[in-house]
Amino acid sequence: MKFRWSVAPAHPLLAGQLARECGISALFAQCLLNRGLSAPASIAPFLAPRLRGLSDPFLLPAMDAAVQRLNEARELGERVTIFGDYDVDGVTSTVLLLEVLRTLGWRVDAYIPDRFDEGYGLSLEAVENCLKLYPTRLLLAVDCGSTSVQSIARLRERGVDVIVLDHHQVSEPPPAALALVNPRLLPPEHSLEVSRGVIQEGAGPGFRDLCSAGLAFKLAHAVLKRGRETGIPGAESFDLRVCLDLVALGTIADLVPLSGENRVLVAAGLERLNQTKRLGLQALKAVARCPDCLGTVEVGFQLAPRLNAAGRMETARDALNLLTATEPGAAAVLAQKLDSQNRERQTLERSIVAEALAAVRARFNPAEDFVIVEGQDGWHVGVVGIVASRVLQHYHRPTIIVGGDGACYRGSGRSIQGFDLASALRECGDLLMRHGGHAMAAGLSLDPQNLGQFRAKLNAIARRSLKAEDLRRSVRLDGEVGLNEMTLPAVCELERMKPFGQGNPNVHFWTGRLTHQKPLQRMGAEKQHVKMWVTDGAATLEAVWWGAGSEPLPGDRFELAFAPQINEYNGRKTVQLKVLDWRPCTS
């Protein structure tokens, strides 16, 4: 057994009532209850997310001030510079705002910092380089800036107004931006908001988990809404839905919860992405060999890594140029380049992961090391975030990996449920040069000499907030089922909960008293996968354990944790179980 099985409590009476009211199966109703959906009024928009359900963008903090200053720049003919980030969320946000503002008459440029020479966000060096290239009196910082107190103060001294459009945690005190549009500034109890005298219920929670791509869409919506009121040419006819492919890309890649407005934007964005007219995305889908119909998995594992590879290995400008390409030949060349960089990134990543795991094994004390912190000279700063994710998968502990050369290490951290990484880094601020991020992922830089002290302090913080059981990987299960319940109509009904992702996990079940109906079969070039035919006496289904490798295999009687899925082969659809874990029968 690799996981701690966490089974959601069954509510048969409530599930039955909900099933009758909504015209759905009791099993489906139980899965909806497990996701906090207990009223038909909330279930209907969840199962059929619609763009018309999006809230007024002016409910976001400082949105009115941001739009007012942008309109002033347009009227005065001022150039606006968008200062983006080098990951997928930052690049897609930048491209979206470039397209919308340029189409509506703004003079606008875009600057993406260099990860290696300038570091993350509004660093003093990056800001200086940006202003040399694009002199401006209005800088729009996207996917960064919420902790850039010093840089924004310096910009104000130079007569540059700054609008921050970001979703990361805000420093205390916050930067003195002209407008700080960040959903984290919404109060926790935010459920009623007033916009121009109209009360909107539940608007705040829908905003809270927006990433920067979603916020860019909201800013564009606000600009269009105000533009239609004031008569900006082109605002009335502009269709903002053409940008939803970018929003889906950024939102899925940034691993934010697919609930609230994110669910609406991703559902609509995937439809647009599957029909995109964007030449760069067409070329990228081709080199990534994507299926005709993309879902969150294909975006997260085929498109996003290739777009991220540009900023990890060289410059994210290539990703920006791909998404704005207007010639098929240029798009194809850029897509091939990103594909090649992604293969290079994978090779480098495997090497550093092996070194990092060896370093952890040499010092690891499970009773003391609640957080893993490792760093070495020469570790490529473009891949340390992915390395942190791989090490976390191995040990299931918050992990920070740093690298670089000379007097400064830069790196990234990934966390687990129950440990707010960004908050912990703030407590360690005296040992860090820079830091920022959110609960589950963050970035930092520090003097290599402080690495050991930083590791000790961070672990002391973690031991206060984490329990030993938190450090054992768990698998969340929606309930116990019999194999005869896993029919094709039942699994098709469960798929109505797509898109799955953070905040709306895939449906997982467990079933017991299983035996093998026929011998197991090894598959794959290295025989690393296992196919089984399992039966509980009432039904028999095919189960596939991807990446089983040398793990112990189920014996005579066992229980199985699985994700039901539909397998299509030669035009025939059948139910297949994706094995998550197994354990011997307990009864």
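This is a predicted model, so every value here is computed, not measured.

### Comments concerning the nonpolar core
Within the largest apolar cluster, 82 residues are counted, with the highest numbers of intra-cluster contacts made by Leu96, Leu97, Leu165, Leu219 and Leu307. Setting aside residues up to four positions removed in sequence, Leu96 forms contacts with Ala213, Ala216, Phe217, Ala220, Cys243, Leu246 and Val247. Grouped together as the second largest cluster of nonpolar side chains are 39 residues, Ala15, Leu483, Met486 and Leu494 included.

### Description of the confidence of the model for the protein chain
Counting all residues, the mean pLDDT for the protein chain is 93, and 97% of those residues have values of 70 or more. Counted against residues more than four places away or in other chains, residues 189-205, with its pLDDT under 50, gives 30 contacts.

### Quick look at the sheet that holds strand β12 (residues 434-437)
Backbone-to-backbone hydrogen bonds pair the strands of a sheet. The strands run either parallel or antiparallel. With mixed pairing, the five strands of this open sheet are ordered in space as β9-β10-β11-β13-β12. On the outer flanks of this sheet lie β9 (372-377) and β12, each paired with one strand and no other. Adjacent strand axes in the sheet meet at a mean angle of 15°, parallel and antiparallel pairs treated alike. Strand direction decides the pairing type here: strand β11 (residues 409-414) and strand β13 (residues 441-446), joined by six bridges, are antiparallel. Counterpart to Arg414 in the pairing with β13 is Ala441. Helix α15 (residues 328-363) rests against β9 and β10 (399-404) of the sheet, and its axis sits at about 125° to β9.

### Considering the pairing of strand β19 (residues 572-584)
Looking at chain direction, strand β17 (residues 540-545) and β19 are connected through three bridges and run parallel. The residue of β19 that forms the bridge with Val544 is Lys578. A loop of two residues connects strand β18 (residues 558-569) with β19, the two strands running antiparallel in sequence, and Asn570 in this loop sits at a positive phi of about 55°.

### A few points about the sheet that holds strand β2 (residues 79-83)
If you walk across this open sheet you meet the five strands as β3-β2-β4-β5-β6, and the pairing is parallel. Each edge of the open sheet carries a strand with a single partner, namely β3 (107-111) and β6 (179-181). The average undirected angle you get between the axes of adjacent strands in this sheet is 20°. With five bridges connecting them, β2 and β3 associate as parallel partners. When the bridges of β3 are listed, Ile82 appears paired with Ala110. Against the sheet, helix α5 (residues 88-103) engages β2, β3, β4 (138-142) and β5 (161-165), with an angle of about 170° to β3.

Basis of the calculations
Residues numbered from 1 in each chain as written. Predicted model: local features only at pLDDT ≥ 70, side-chain atom pairs only at ≥ 80, totals over all residues. Heavy atoms only, no water. Core = buried A, V, L, I, M, F, W, Y, C linked by side-chain atoms within 4.5 Å. Buried < 20%, exposed > 50% of the residue type's maximum accessible area, 1.4 Å probe, protein only. Contact = heavy atoms within 4.5 Å. pLDDT = per-residue confidence, 0-100. Pairing = 2+ DSSP bridges. Helix = DSSP H or I, 4+ residues; strand = E, 2+ residues; numbered from the N terminus. Axes fitted to C-alpha atoms, helices over the stretch in contact; angles between N-to-C directions.

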